[in-house]
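Here's the letter readout for the chains.
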Amino acid sequence: MRAKAIAALSTAALVVSVSACSSSEDSKSVTVTMWGGAGQKAHVSSYFTPWAKDAGVTIRQDSPTDYAKIDAQVKSGKVSWGLVEVEPNYSESACAAGKLEKLPQRVLDAAEKGGIDPAQMNDCAIPILQYTFSIAYNTDKFAKAHPTTWAEFFDTKQFPGKRGFWKYVTGGIFEAALLADGVAPQDLYPLDLDRAFKKLDTIKKDIVWYGTGDQQVQLLASGEAPLVQAWNGRVSQAAASGEPVANEYGENLVSYDHVVIPKGYDNVELAEDWMVWFLENPQAQATDAEASGFGPASKDAIDLVPAEIRDDVAPSDNVVDQSAGLIDYSYWAKNYTEVTKRFNTWIAE
């Protein structure tokens, strides 16, 4: 169902004035840069195309998001990206470094009106979607029973097979390891890295690394890694397409992506116009949840998500009530570089 929705929405997007990225903007255009693929097609169709039609705006696109390119554009004073999807740890660091436009009061007011969780915002960024790091499993391999906690996920005797993890420090691997080792959710941060690495050592030989959403689904569906710490939206999409995969939401870790405006963008007020429209338009967010498999930014939008998928996206009660909490991106903004170095050394050992 979702695969068909994405295709239909992608075709619809061609009707609107959407063009490739240009080095300069006219006064009625905005360049949107996201992670690419089916997700970007769904997002643009769901909540950029309708606004563009109403506002008479041309949407240009580029992908994927590249933090070095943002930094280079801002440093050179030649900013061609207007609205950019980024990770929250980057947005917090870049905001503090003056690389992003600060949110004006009208955007802050729209966020409050739209029911946005303040914990998912900073001075320069609004959330654009929510997802979870879930325990994903191969339904053929684990037809009778599957792990429902991270402790069980780490139990290779009870649940044999390889484990898939994102080769990226902010991907929930350390949080999962600590939960598996008995740390209470409310005590996760600051992360006890020594304890986390010690727990990861117990399954190191069974870990298979992935770098993309496609790879995590391939590992899972093929059975190469019948258990994966996964982005729930990608697994939901694969399950809807008939793959033998499913999400377990026990102790899921809620995450989200941000949208920011690089400092010095010519059409900043137009980009802010879109932010206000998006924050005050829960139906567009719900439409995107159906198309992309990712949850809406606003709790107010969840009731508009079709009932058949509502329990499979954050911030639904089904997901949030089972969650071990929200990823603390303020922690990661401060510790990303140091932990990445240690992580890469550990992998290579």
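This text gives an overview of the structure that appears in the document. Computed from a prediction, not measured in an experiment: that's the story for all the values here.

Calculation rules
Residues numbered from 1 in each chain as written. Predicted model: local features only at pLDDT ≥ 70, side-chain atom pairs only at ≥ 80, totals over all residues. Heavy atoms only, no water. Core = buried A, V, L, I, M, F, W, Y, C linked by side-chain atoms within 4.5 Å. Buried < 20%, exposed > 50% of the residue type's maximum accessible area, 1.4 Å probe, protein only. Contact = heavy atoms within 4.5 Å. Axes fitted to C-alpha atoms, helices over the stretch in contact; angles between N-to-C directions. Helix = DSSP H or I, 4+ residues; strand = E, 2+ residues; numbered from the N terminus. Parallel < 35°, antiparallel > 145°, perpendicular 65-115°, else oblique. Left-handed = near helix turned anticlockwise from the far one by under 90°. 1 Å grid on protein atoms, 1.4 Å probe; cavity = no way out; pocket = protein on both sides within 12 Å on 5 of 7 lines; lining within 4 Å. Points joined across faces, edges and corners; volume = space filled by probe spheres on them. Nonpolar A, V, L, I, M, F, W, Y, C, P; charged D, E, K, R; others polar.

## Thoughts on the nonpolar core
Across soluble globular proteins, you tend to see nonpolar side chains buried next to one another.
Step number 1: One finds I126, F174 and W274 to be the most contacted residues of the largest nonpolar core, which totals 103 residues.
Step number 2: Every residue in contact with W274, bar those within four places of it in the chain, is listed here: Y47, F48, W51, L83, I126, I128 and V259.
Step number 3: In terms of nonpolar packing, the next biggest core, distinct from the first, is built from six residues, A286, A289, I302 and I309 among them.

## Some points on the packing of helix α9 (residues 213–222) against helix α10 (residues 232–240)
Step number 1: Here α9 crosses α10 at 55°, and the two axes come no closer than 10 Å. The orientation of α9 relative to α10 falls into the category oblique. In this structure, the crossing between α9 and α10 has a hand that is right-handed. Every residue of α10 that contacts α9 at G213, D214, Q216, V217 and L220 is listed here: R234, V235 and A238.

## Quick notes on empty space enclosed by the protein
If a probe as big as a water molecule is rolled over the atoms, it shows which places are left empty.
Step number 1: Using the criterion set out here, one finds one cavity of 30 Å³ or more in the structure.
Step number 2: Looking at the largest cavity, its volume works out to about 40 Å³.
Step number 3: The wall of the largest cavity is formed by E87, P88, N89, Y131, F133, W166, T170, S255, D257 and Y329.
Step number 4: Every element with two or more residues in the lining of the largest cavity is listed here: α4 (88–96), β5 (126–138) and β9 (245–260).
Step number 5: Considered class by class, the residues forming the lining of the largest cavity number five nonpolar, three polar and two charged.

## Considerations on α4
Step number 1: What α4 keeps buried is the set P88, N89, Y90, S91, A94 and C95.
Step number 2: The elements touched by buried residues of α4 are α3 (67–76), β4 (83–86), β9 and α15 (329–348).

## Describing unusual backbone geometry
Step number 1: Cis geometry marks the peptide bond from Y189 to P190; its omega dihedral reads -5°.
Step number 2: You can see P190 is positioned in the loop between α7 (173–180) and α8 (193–201).
Step number 3: With an omega of 10°, the peptide bond running from A314 to P315 counts as cis.
Step number 4: For P315, the position within the fold is in the loop between α13 (307–310) and α14 (317–320).
Step number 5: In this model, E251 sits at a positive phi of 55°, which is unusual for a non-glycine residue.
Step number 6: With respect to the helices, strands and loops of the structure, E251 is situated in strand β9.
Step number 7: Judged by relative accessible area, which is 25%, E251 ranks as partly exposed.

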